[in-house]
Number of protein chains: 2
Amino acid sequence: MATTTLTKVHNFSAGPGILPAEVLQKSAEACINFDNLNLSLLEISHRSKNYEKVMEEARATVKELFEVGNDYEVMYLGGGASLQFAMIPYNLMREGGSAAYVNTGVWASKAIKEAKIIGNTNVIASSEDKKFTYIPKGYVIPKDADYLHITSNNTIYGTQMKSFPKCDIPLVCDMSSDIFSRKVNAKDFSLIYAGAQKNMGPAGSTMVMVKKDVLGKTGRKMLSMLDYQVHIKGESMYNTPPVFPIYVTLLTMQWLKKNGGIAWIEKVNQQKADAIYNEIDRNSLFYGTVEKEDRSNMNVCFLLKKPELEPEFDKLWKSAEISGIRGHRDVGGYRASLYNALPLESVNVLVDVMKEFEKKFA
Amino acid sequence: MATTTLTKVHNFSAGPGILPAEVLQKSAEACINFDNLNLSLLEISHRSKNYEKVMEEARATVKELFEVGNDYEVMYLGGGASLQFAMIPYNLMREGGSAAYVNTGVWASKAIKEAKIIGNTNVIASSEDKKFTYIPKGYVIPKDADYLHITSNNTIYGTQMKSFPKCDIPLVCDMSSDIFSRKVNAKDFSLIYAGAQKNMGPAGSTMVMVKKDVLGKTGRKMLSMLDYQVHIKGESMYNTPPVFPIYVTLLTMQWLKKNGGIAWIEKVNQQKADAIYNEIDRNSLFYGTVEKEDRSNMNVCFLLKKPELEPEFDKLWKSAEISGIRGHRDVGGYRASLYNALPLESVNVLVDVMKEFEKKFA
């Protein structure tokens, strides 16, 4: 069933990240001849029947994968998750209201910064005290806040929420870097959003799924392009959408469904994560950077015990056609991103390189 | 020199519009193997050297084609021109200030609507009285407004400004549907923007070129993603940009430069427009919808004198592999969009169809 095709390069990029080979092939074909129209997808109207079908399916497939009903709506918007950092408080925080945020890293901090421009924003928990190497737990959620904002996976630091806070107020989650990587109970969330370029598709579109009952309550006079209700009414075509990125995102979701959906990918992702974390813990030359219980199955951060050996390790993985495992500048060392499309074989190649490195330099 | 390759279908789509065949070919190749990396452009980091070079060139080429210097900055943003309808007043209208707008159609009206949400917005001229079939002239521009906003070409109605207002206040122009189609004196403008999907590239990115001296004067506390200065500081990579759409836009600009640049395309576009307008005026079965002096060289709107013959005309052009000439619902009839990538040969095919139609039904 698992038909992830191995490309020549083992692509561990943190994002924009690896996409399935068959998706890339179909994307290339659509650049020349889309849907047998003898026209490129890059030069047809987004109002053509052929593309309206793409948009419809792209919206419906999110709801299908998340197993939610018609009380939710799906949009694909431009501007990246960063624009959502502003749009979420703009659409959900009432005039004179407040919002609660959990700060688990750079992206959560940026979301907090924008929310503070809109209104009263309280950081109710943070792991900044230990450089974001763990997920805060046991915090009290204010009952009078308009929503609680969390980040399910922290790409830069390599931490991941293994469970989500029980919450009486609307729960909003940035799932940019682990959407559709594991089973979540989507009905517990009022809003889930994800910049597509990590685990859903290419850069250029952001998926927002929102429960309709949280909208229209702010009392704010809203700019059209920042108003979720405008985009929902326009069925995500209020203006010309990012046509091609959304199509590639649909292809990626279809690849996921065809191979067995979330249940399948969750298992594969666990195998990949186990393989590399086991090696990090076993190998005498490496160590992980975060609390074990909060380790991300998507972004695996690790350091060399002897940093002076980095040039030697770099030579070795580069010669194995591995790409994109240099750590973010805030953490240093290495980061292997194990997004859905990364095959287990690529992880095994990296693990073999780590073993070989130990043999040579331990 | 003119190497526009004829595709099988004559694509007169109003937007997203036709792109050069060689651009489509290179786009398809980049989906599989970009820059000989053995990786797809859809799955590499926007921070990779290879992509940073694309962004740098995409920004520089706009300034080169517009012949402006370092007092201007170029950004590629998500969200479409529609997001710019909000960002322009947000960045240029002072708290307590005002802006002046010329209303020449649906898109100008939408820009006005958003500006009114931000602050004091005056429509100083409008052609709404005659269903936007002409370009207003001879209006007085208020000296105390923060800027004047105009729309150079009106896709839906088929009108185009043949000259631009002399203006002592910053001049802002939506050039979405005729950017790089003709010579303009870009230095007369403080801000030029264009949704790429009509004449620059595919859907998903919007180009904004701004003169730096108009920024930072509003006194407004700004959301990061709506702040031009944030994007300029980040060299259009404050957040993950729409990677692939920007690359295809660069390819399209390179195609234009290689073939002779603006001087070349202006001539070709004039030939195309002359060919079809001459036929509309000559043919006893058709008439144009707008004032002759304001006719757009990009979007040619025309009607049948006997609307009951539409099904017959439709049969004829469809059999000639013509696509996308149905008029916008606000105008009806037909609209042939003659964007840069449309070859003269396609226009000739349409003109031949119109002649044949006259022979059969006059």
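Residues numbered from 1 in each chain as written. Chains lettered and ligands numbered in written order. Predicted model: local features only at pLDDT ≥ 70, side-chain atom pairs only at ≥ 80, totals over all residues.

Some points on the overall build of chain A
Tallying secondary structure elements over chain A gives nine helices and 14 strands in all. Since a compact globule built from 362 residues should have a radius of gyration of about 21 Å, the 21 Å found for chain A is in line with a globular shape. Dimensions of chain A along its principal axes, counting C-alpha atoms only, are 65 × 55 × 30 Å. Counting only residues that meet the buried cut, chain A has 53% of its 362 residues in that class. Put simply, 68% of the contacts in chain A that link residues at least 6 apart link residues at least 24 apart. (Helix = DSSP H or I, 4+ residues; strand = E, 2+ residues; numbered from the N terminus. Rg over C-alpha atoms; globule rule 2.2 N^0.38 Å. Buried ≥ 20, exposed ≤ 12 C-beta atoms within 10 Å, placed from the backbone. Contact = placed C-beta atoms within 7 Å.)

A closer look at the sheet that holds strand E12 (residues 299–304) of chain B
Residues and elements named next belong to chain B. The strand order across the open sheet formed by three strands is E11-E12-E14, and the pairing between neighbours is antiparallel. Looking at strand neighbours, the two that pair on one side only are strand E11 (286–288) and strand E14 (334–337), the edges of this open sheet. Neighbour-to-neighbour, the strand axes of this sheet turn through a mean angle of 35°, independent of strand direction. One ladder, built from four bridges, connects E12 with E14; its direction is antiparallel. Of the residues in E14, the one forming a bridge with Phe302 is Tyr334. (Pairing = 2+ DSSP bridges. Axes fitted to C-alpha atoms, helices over the stretch in contact; angles between N-to-C directions.)

A few points about the packing of helix H2 (residues 49–66) of chain A against helix H6 (residues 243–259) of chain A
Between two packed helices, both the angle of their axes relative to each other and the distance between the axes serve to describe the pair. Residues and elements named next belong to chain A. Running from amino to carboxyl end, H2 crosses H6 at an angle of 45°, the nearest separation of the two axes being 9 Å. With respect to their mutual orientation, H2 and H6 come out oblique. Read as a crossing pair, H2 and H6 show a hand that is left-handed. Packed against H2, whose contacting residues are Tyr51, Val54, Met55, Glu57, Ala58, Thr61 and Leu65, the element H6 presents Val243, Ile246, Tyr247, Thr249, Leu250 and Met253 at the interface. When grouped by side-chain class, the residues that make up the contact of H2 with H6 number ten nonpolar, two polar and one charged. (Parallel < 35°, antiparallel > 145°, perpendicular 65-115°, else oblique. Left-handed = near helix turned anticlockwise from the far one by under 90°. Nonpolar A, V, L, I, M, F, W, Y, C, P; charged D, E, K, R; others polar.)

With respect to the sheet that holds strand E5 (residues 148–151) of chain A
Residues and elements named next belong to chain A. Here seven strands make up an open sheet; going across it, the order is E2-E10-E9-E8-E5-E3-E4 and the pairing mixed. The open sheet terminates on both sides in strands that have one partner only, identified here as strand E2 (72–77) and strand E4 (120–126). Put simply, the sheet's adjacent strands are angled 20° from each other on average, direction ignored. Two strands pair when backbone bridges link them, and E2 and strand E10 (residues 206–211) are joined in this way by six bridges, in the antiparallel orientation. Its bridge partner being in E10, Tyr76 is matched across the sheet by Met207. Where H2 meets the sheet, its contacts fall on E2 and E10, and the angle it forms with E2 comes to roughly 130°.

Focus on the interface of chain A and chain B
It is common to give the size of an interface as the accessible area that goes away when the parts come together. In this complex, chain A contributes 49 residues to the contact, which on the side of chain B involves 49 residues. Counting residues per element, the ones that place at least two in the side of chain A that touches chain B are helix H1 (21–32), helix H3 (80–92), helix H4 (106–118) and H6 of chain A.

With respect to the nonpolar core
The tendency in soluble globular proteins is for nonpolar side chains to be buried side by side. Ranked by internal contacts, the top residues of the largest apolar core, which has 218 residues, are A:Met207, A:Met209, A:Tyr247, B:Met207, B:Met209 and B:Tyr247. Setting aside chain neighbours within four positions, we find A:Tyr247 in contact with A:Ala30, A:Leu41 and A:Val54. (Core = buried A, V, L, I, M, F, W, Y, C linked by C-beta atoms within 7 Å.)

With respect to the environment of A:Arg59
Residue and element names in this part refer to chain A. Structurally, the position occupied by Arg59 is in helix H2. Residue Arg59 is classed as buried on the basis of its 20 C-beta neighbours within 10 Å. Ignoring any residue separated from it by four or fewer positions in sequence, one finds Arg59 in contact with Val74 and Ser236.

A few points about the packing of helix H7 (residues 261–282) of chain B against helix H9 (residues 344–361) of chain B
All names here are of chain B. Closest axis-to-axis distance for the H7/H9 pair is 10 Å, and the angle between their directions is 5°. When the interaxial angle is binned, H7 and H9 end up roughly parallel. Along its contact with H7, which presents Val268, Gln271, Lys272, Ala275, Ile276 and Glu279, the element H9 presents Leu344, Val347, Asn348, Leu350, Val351 and Met354. Of the residues that constitute the contact of H7 with H9, the class distribution is eight nonpolar, two polar and two charged.

Here's the deal with the domain arrangement of chain A
Residues and elements named next belong to chain A. Examined at the domain level, chain A breaks down into domain 1 (22–258) and domain 2 (260–361). One C-alpha centre belongs to domain 1, the other to domain 2, and the line joining them spans 28 Å. With 23 residues of domain 1 in contact, the opposing surface of domain 2 contributes 23 residues. Where the side of domain 1 that touches domain 2 is concerned, the elements lending two or more residues are strand E6 (153–154), strand E7 (159–160) and H6. Taken together, the residues of the side of domain 1 that touches domain 2 sort by class into eight nonpolar, ten polar and five charged. (Domains from an automatic or database assignment.)

Here's the deal with the relation of the copies chain A and chain B
Overlaying chain A with chain B gives an RMSD of 0.0 Å, the required rotation being 180° about an axis along which the chain moves by 0.0 Å. Between the two chains, the operation in question is that of a two-fold axis. Same-surface contact between copies: 100% of interface residues of chain A are shared with the interface of chain B. (Least-squares fit on C-alpha atoms with pLDDT ≥ 70 in both.)

Quick look at H4(A)
Residue and element names in this part refer to chain A. Taking 1.5 Å as the rise per residue, H4 with 13 residues should run 18 Å; its terminal C-alpha atoms sit 19 Å apart, in good agreement. Trp107, Ala108, Ala111, Ile112, Glu114, Ala115 and Ile118 are the residues of H4 that are buried. The arc enclosing the buried residues of H4, seen along the axis, measures out at 170°, which places them on a common side. Where H4 is buried, its residues meet H3, strand E3 (98–103), E4, E5 and strand E8 (171–174). (Expected span 1.5 Å × (residues − 1). Arc of directions from axis to C-beta.)

Thoughts on helix H3 (residues 80–92) of chain B
Here H3(B) is 13 residues long and its end C-alpha atoms lie 18 Å apart, about the 18 Å a rise of 1.5 Å per residue gives. Among the 13 residues that make up H3(B), 13 are buried, leaving the element largely enclosed by the rest of the structure.

A word on unusual backbone geometry
Between A:Gly15 and the following residue, A:Pro16, the backbone shows a cis peptide bond with an omega angle of -10°. Within the secondary structure, A:Pro16 sits in the loop between strand E1 (10–11) and H1. One non-glycine residue, B:Asn38, lies in the positive phi region at around 60°. Within the secondary structure, B:Asn38 sits in the loop between helix H1 (21–32) and helix H2 (49–66).

A closer look at the pairing of E8(A)
Residues and elements named next belong to chain A. Of the two faces of E8, both are covered, the one formed by Leu171 and Cys173 as well as the one formed by Val172 and Asp174. Both E5 and E8 contribute to a ladder of four bridges, which runs parallel. If you follow Ile150 over to E8, its bridge partner there is Cys173. Examined bridge by bridge, E8 and strand E9 (residues 191–195) share three bridges and lie parallel to one another. Across the sheet, the residue bridging to Val172 is Leu191, located in E9.

As for the environment of A:Asn154
All names here are of chain A. Looking at where Asn154 falls in the secondary structure, it is placed in strand E6. Separated by 100 residues in the primary sequence, Asn154 and Val54 have C-alpha atoms spaced 30 Å apart. Leave out the neighbours within four places in its chain, and Asn154 touches Thr104, Gly105, Phe132, Thr159 and Ser296.

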